[in-house]
Amino acid sequence: MPAAMPSSSPREIDPLALRHILRRLQRAPGPPWLHDEVASRLAERLAVVRLRPAVVLDWGAALGASAGRLRQVYPAAAITAVESEAAAAPAAAPAASGPLRWLQRFRPAAPRPLAAAEVPAGAAQLVWSNMLLQRVADPPPLMAGWLRALAVDGFLMFSTLGPGTLDDLREVYRDAGWGPPMAEFVDMHDLGDMLVHAGFADPVMDQEVLTLHWADADAALAELRALGGNAHPARLAGLRTPRWRDRLRAALAARADAAGRIALRFEVVYGHAVKPPPRPAVAPSTAVSLDDMRAMVRRPRGGTQGSSGGAEGLG
């Protein structure tokens, strides 16, 4: 039985602001470019996994930019999108006109993503979650949901932003006395501890730093807005002014390289863990449920192997 999970998040974050950011991201025409890039890098890590899942849950699919890659790696698997209850209903597609309107009547509707609460226990051999955790105020309950959704010996693959993300921007804000530009992200070692508390086994965590470049400050700020927003409780309560935005542009431009490009760094954390078989407590008399007994004696063949290495909203 897993140890008691932490009851509160290690993050200083405003849940209401986080929900507002998530709604704005859901209205965007597609996931941020960075999510697509990280999905590609996370998919490369599937090469070390021997287990071929029959059922894959793409958790946070709408902003995860992963559906195509998962289908490419696992063409025979049943891949199901999972969203939080608030995001489970997709936005209605705009009505077509002319001949397209006639064709739309016969086109099968896209399957509705499952709400997290609708996922059956032990349903999947792989839970995949790309760039979701940074938009979660309290990660442990989400991890408990992932564990519940997995079959014994199923595995979890996820990515998220780490605390080294946008250190350059934090420095700009500190120098100007503007307070924090975003909520803090959770360190990968803390995430690994949370996975163990949730009941996962053999967590493998690693990270890399991606440096992105933009032609000017306006392009950089537009990309940052597409990634999320500021959900830190100590952020400025009111709206920023055009004069403030001009100061921010100038501060970023002062850090440009010789070609005039703006560079910002993002720490990306990757995680992998396995759902172990149930372990009944040792006692003079031990009761084991029939389902747990079946799981212990009928474990599927195969497994995983791995090696360790080195803003819902941006937060």
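Please read these numbers as outputs of a predicted model, since none were measured by experiment.

Novice: Break down the overall build of the chain for me, with residues and values.
Specialist: Helix and strand counts for the chain come out as 11 helices and 7 strands. Here the chain holds 315 residues, and the buried ones make up 42% of them.

Novice: How would you summarise the confidence of the model for the chain if you had to cite specific residues and measurements?
Specialist: Confidence along the chain averages 84 in pLDDT terms, with 77% of residues attaining 70 or more. Counting interchain partners and residues more than four positions distant, the pLDDT-below-50 stretch residues 1–8 has 15 contacts. Confidence drops under a pLDDT of 50 for residues 300–313, and excluding neighbours within four residues, the segment shows 40 contacts in the predicted structure.

Novice: Which residues make up the sheet that holds strand β7 (residues 262–274), and what values go with them?
Specialist: In spatial order, the strands read β3-β2-β1-β4-β5-β7-β6; together these 7 strands make up an open sheet with mixed pairing. Edge strands, defined here as strands with exactly one partner in the open sheet, are β3 (114–115) and β6 (201–214). Where strand β4 (residues 124–130) and strand β5 (residues 150–161) come together, 6 bridges link them in parallel fashion. Note that in β5 the partner of W128 across the bridge is M157. This element, helix α2 (residues 33–44), spans β4, β5, β6 and β7 of the sheet and lies at about 140° to β4.

Novice: Talk me through empty space enclosed by the protein; I want residue IDs and the actual numbers.
Specialist: Space inside the largest cavity adds up to approximately 40 Å³. Forming the walls of the largest cavity are R11, L133, Q134, P139, T160, L161, F185, V186 and L191. When its residues are assigned to classes, the lining of the largest cavity shows 6 nonpolar, 2 polar and 1 charged.

Novice: An account of the pairing of strand β2 (residues 78–83) is needed here, citing residue identities and associated values.
Specialist: Bridge count for strand β1 (residues 55–59) against β2 is 5 bridges, and the pairing is parallel. Within β2, the residue paired with D58 across the bridge is A81. In the sheet, β2 pairs with β3 via 2 bridges, with the strands oriented parallel. Counterpart to V82 in the pairing with β3 is L114.

Novice: Could you give an account of the packing of aromatic side chains, naming the residues involved and the relevant values?
Specialist: A complete count under the given rule lists 4 aromatic pairs for this structure. Measuring from ring centre to ring centre gives 5.4 Å for Y173 and W178, while their planes differ by 85°; the resulting arrangement is edge-to-face. Judged by relative accessible area, W178 falls into the buried class, the value being 11%. The ring centre of Y270 lies 3.6 Å from the NZ or CZ of R45, which sits over that ring.

Novice: So what's going on with the pattern of salt bridges? Residues and values would help.
Specialist: In the structure shown here, the tally under the stated rule is 14 salt bridges. One salt bridge connects R41 with E37, and the closest N-O pair in it is separated by 2.7 Å. Here R41 and its partner E37 are both found in helix α2, 4 residues apart, which amounts to about one turn of the helix. According to the relative accessible area criterion, R41 is partly exposed, its value standing at 24%. Classification of E37 by relative accessible area gives partly exposed; the value is 23%. R45 is the partner of D206 in a salt bridge, and the nearest nitrogen-oxygen pair spans 2.8 Å. Taken together, the residues D206 in strand β6 and R45 in the loop between α2 and β1 connect sequence positions 161 residues apart.

Novice: Hey, could you go over the environment of V172 for me, with residue numbers and the actual values?
Specialist: Of note, V172 is situated in helix α7 (residues 167–176). The class of V172 is buried, set by a relative accessible area of 4%. Each C-alpha atom of the pair V172 and L252 lies 7.5 Å from the other, and the pair is 80 residues apart in sequence. Apart from the residues lying within four places of it in its own chain, the contact partners of V172 are W178, L248, A251, L252 and R255.

Conventions we followed
- Residues numbered from 1 in each chain as written.
- Predicted model: local features only at pLDDT ≥ 70, side-chain atom pairs only at ≥ 80, totals over all residues.
- Heavy atoms only, no water.
- Helix = DSSP H or I, 4+ residues; strand = E, 2+ residues; numbered from the N terminus.
- Buried < 20%, exposed > 50% of the residue type's maximum accessible area, 1.4 Å probe, protein only.
- pLDDT = per-residue confidence, 0-100.
- Contact = heavy atoms within 4.5 Å.
- Pairing = 2+ DSSP bridges.
- Axes fitted to C-alpha atoms, helices over the stretch in contact; angles between N-to-C directions.
- 1 Å grid on protein atoms, 1.4 Å probe; cavity = no way out; pocket = protein on both sides within 12 Å on 5 of 7 lines; lining within 4 Å.
- Points joined across faces, edges and corners; volume = space filled by probe spheres on them.
- Nonpolar A, V, L, I, M, F, W, Y, C, P; charged D, E, K, R; others polar.
- Phe/Tyr/Trp six-rings, centres within 6.5 Å; stacked < 30°, edge-to-face > 60°.
- Lys NZ or Arg CZ within 6 Å of the ring centre and 35° of its normal.
- Salt bridge = Lys/Arg side-chain N within 4 Å of Asp/Glu carboxyl O.

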